[in-house]
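# Structure assessment
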Amino acid sequence: MLKLPGLIDPHVHLREPGATYKEDFDSGTSAALAGGFTVVLAMPNTKPPIFDSGTLDLALNAAKQKARCDYGQYLGAGPDNADWELKKSLPSRAAGLKMYLDSTFGELRLDDMTLWHPHFENWPKDMPLVAHAESRSMAAAILFASIYDRSLHIAHVSLKEEILLIKAAKENGLKVTCEVCPHHLFMTSSSPFGRGQGEGRKEVRPRLASQKDVDALWENLDVIDCFASDHAPHTIEEKDTDNPPPGFPGLETALPLFLTAMDNGRLTMDDIISKMFSNPKKIFNLPEQAETWVEVDENETYEIKAAEQFTRCDWTPFEGWQVKGKLRKVVLRGKTAFEDGKILVNAGYGRDVRG
Ligand code: NCD
Ligand code: ZN
């Protein structure tokens, strides 16, 4: 049996408010516990998006009643909500500010660089700023971080050109950190999906990349600060239409995939702990969780099956994959929250990390 700290996922979509048929704070935090996570940070591209005090209250009230593990909620950067310095208490109630600089699911996108300036300038320098910025948008976002002399966390890095840019930015002393998702480390655009899973299932932002990109991520593991699932559930019906929304569920598959990579000698236990606990804790300034840990049987092998998951979306891109390393137990603040496939804490047990 291996004992790990309660893991932190800084990038999940729990779909509340607005699309609770895909996921909500109850099902999403149950999936988190079943994946070994005791803290999740929820993204703001909900319906409505989370961009002001009223919408933040909507999400936090739902979370307070339903969450089974600890949580934080991001605010989204919009075209006219950048007067953060006038809203003193609002940033400190949020996990951070998320800026969408490229197209993805939802309406929060800042097309024009004139809209970037006020967010970089006004969002408090000691609070996390996260950007969805792919390829050349990433280069632009890093320039903004440099101009405003502030920290910037880059979400879901997937390309060789991106990880090399972040490496160079770090070597030049810029306060840039980044995360990589399991699907960008374990799959390429030509990976075969499970039986019966059509092309629409493969849609995800950033897109699955080439073998050369995947190799570059593995070769630059030391540049990767965090592993984040980017848990982005959409139903099977939605994924199998002609216009499939991008996104994969990932909370319940991340840890077993990384434990399997450890068994294969591609990762160490220290890599897992630093990228899934110590680094995100520091980058996102998260509180200590006393008497909190996770137990895994590192020798148990099993097959990933969507039917055994807690996420409401009922599918996984890793269907049928053999993994080695099974989560047995999660203890959160002194209470057994998950054991042998069962959630043992009530909705509402989770706490707001900024509360
Ligand atoms: C995410 C979603 O569905 O909310 N989709 C995705 O493909 N990753 C949005 C995002 O993180 O870009
Ligand atoms: Zn996302």
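Everything in this summary refers to the structure shown in the same document. Model, not experiment: these values are computed from the prediction.

Looking now at the overall build of the protein chain. Along the protein chain, the regular secondary structure elements total eleven helices and 14 strands. Against the compact-globule benchmark of 20 Å for 355 residues, the protein chain has a radius of gyration of 19 Å, which places it among compact chains. For the protein chain, the spread of C-alpha atoms along the three principal axes comes to 50 × 45 × 40 Å. When contacts within the protein chain are restricted to residue pairs at least 6 apart in sequence, long-range pairs at least 24 apart make up 75% of them. Counting only carbon and sulfur atoms, one obtains 48% of the accessible surface of the protein chain, whose full area is about 14100 Å². A distance of 2 Å separates the average location of the 41 positive side-chain charges in the protein chain from that of its 52 negative side-chain charges.

The next subject is the coordination of the zinc ion (ligand 2). Protein-derived coordination of the zinc ion (ligand 2) comes from His-11 (NE2), His-13 (NE2) and Asp-230 (OD), at a distance range of 2.0 to 2.1 Å. Note that the zinc ion (ligand 2) binds four donor atoms; their angles at the metal cover 88 to 137 degrees, and the shape is irregular. Within one chain, the residues serving as donors to the zinc ion (ligand 2) are arranged as H-x1-H-x216-D. Taken together, the positions of His-11 in strand E2 (residues 7-12) and Asp-230 in the loop between strand E10 (226-227) and helix H9 (236-239) put the pair 219 residues apart, joining distant regions of the chain. Across the pair, exposure class does not vary: His-11 and Asp-230 are buried alike.

Pairing is antiparallel across the open sheet formed by five strands, whose spatial order is E1-E11-E12-E13-E14. Edge strands, defined here as strands with exactly one partner in the open sheet, are strand E1 (2-5) and strand E14 (342-343). Direction of pairing for strand E12 (residues 322-332) relative to strand E13 (residues 335-339): antiparallel, over a ladder of four bridges. Looking across to E13, one finds that Leu-332 is bridged to Lys-335.

Before going further, it helps to spend a moment on the sheet that holds strand E4 (residues 70-73). Strand order in this open sheet of three strands is E2-E3-E4, and the pairing throughout is parallel. If you trace the sheet from one side to the other, it starts and ends with E2 and E4, each paired once. Averaged over all adjacent pairs, the angle separating strand axes in this sheet is 15 degrees, with direction ignored.

Before going further, it helps to spend a moment on the packing of aromatic side chains. Following the criterion strictly, the structure yields twelve aromatic pairs and no others. Relative to Trp-123, the ring of Trp-84 lies with its centre 5.1 Å away and its plane at 90 degrees, an arrangement referred to as edge-to-face. Remark: Trp-123 occurs in the loop between helix H4 (116-122) and strand E7 (129-132) and Trp-84 occurs in the loop between strand E5 (75-76) and helix H3 (90-93); sequence separation between them is 39 residues. In this pair, the class of Trp-84 matches that of Trp-123, namely buried. Through a chain of ring-to-ring contacts, three or more aromatic side chains come together here, namely Trp-116, Phe-120, Phe-144 and Tyr-148.

On to the pattern of salt bridges. Counted according to the given criterion, the structure contains 19 salt bridges. Between Arg-312 and Asp-24 there is a salt bridge; the shortest N-O distance is 3.4 Å. Residue Arg-312 is found in the loop between strand E11 (293-303) and E12, and its partner Asp-24 is found in the loop between E2 and helix H1 (25-34); the two are separated by 288 residues along the sequence. The salt bridge partner of Arg-205 is Glu-203, with a shortest N-O separation of 2.8 Å. By relative accessible area, Glu-203 is classed as partly exposed at 25%.

Around ligand 1 sit 15 residues in total, of which Arg-15, Asn-45, Thr-104, Arg-205 and Asp-230 are the nearest. Asn-45 places a side-chain nitrogen or oxygen 2.8 Å from an oxygen atom of ligand 1. Between ligand 1 and His-132 there is a distance of 3.3 Å, counted from an oxygen atom to a side-chain nitrogen or oxygen. By residue class, the composition of the shell around ligand 1 is four nonpolar, eight polar and three charged.

With that out of the way, let us pick up the state of the cysteines. Chemically, a disulfide is nothing more than a covalent bond linking the sulfur atoms of two cysteines. This structure, assessed with the given rule, holds zero disulfides. The thiol of Cys-69 is unpaired, and the distance to the nearest cysteine sulfur, on Cys-226, comes to 17 Å. The cysteine Cys-313 is free of any disulfide, with Cys-181 supplying the nearest cysteine sulfur at 15 Å. Take Cys-313: its relative accessible area is 2%, and that puts it in the buried class.

How each quantity is defined
- Residues numbered from 1 in each chain as written.
- Chains lettered and ligands numbered in written order.
- Predicted model: local features only at pLDDT ≥ 70, side-chain atom pairs only at ≥ 80, totals over all residues.
- Heavy atoms only, no water.
- Helix = DSSP H or I, 4+ residues; strand = E, 2+ residues; numbered from the N terminus.
- Rg over C-alpha atoms; globule rule 2.2 N^0.38 Å.
- Contact = heavy atoms within 4.5 Å.
- Areas by Shrake-Rupley, 256 points an atom, 1.4 Å probe, with all protein chains shown as cover.
- Lys, Arg positive; Asp, Glu negative; His and termini not counted.
- Charge placed at Lys NZ, Arg CZ, Asp CG, Glu CD.
- Donors = N, O, S within 2.8 Å, 3.2 Å for Na, K, Ca; no water.
- Tetrahedral: all angles 85-135°; square planar, octahedral: opposite > 155°, others 65-115°.
- Buried < 20%, exposed > 50% of the residue type's maximum accessible area, 1.4 Å probe, protein only.
- Pairing = 2+ DSSP bridges.
- Axes fitted to C-alpha atoms, helices over the stretch in contact; angles between N-to-C directions.
- Phe/Tyr/Trp six-rings, centres within 6.5 Å; stacked < 30°, edge-to-face > 60°.
- Salt bridge = Lys/Arg side-chain N within 4 Å of Asp/Glu carboxyl O.
- Near = heavy atom within 4 Å.
- Polar contact = N/O pair within 3.5 Å; in protein donor to acceptor, adjacent residues only side chain to side chain.
- Nonpolar A, V, L, I, M, F, W, Y, C, P; charged D, E, K, R; others polar.
- Disulfide = S-S within 2.5 Å.

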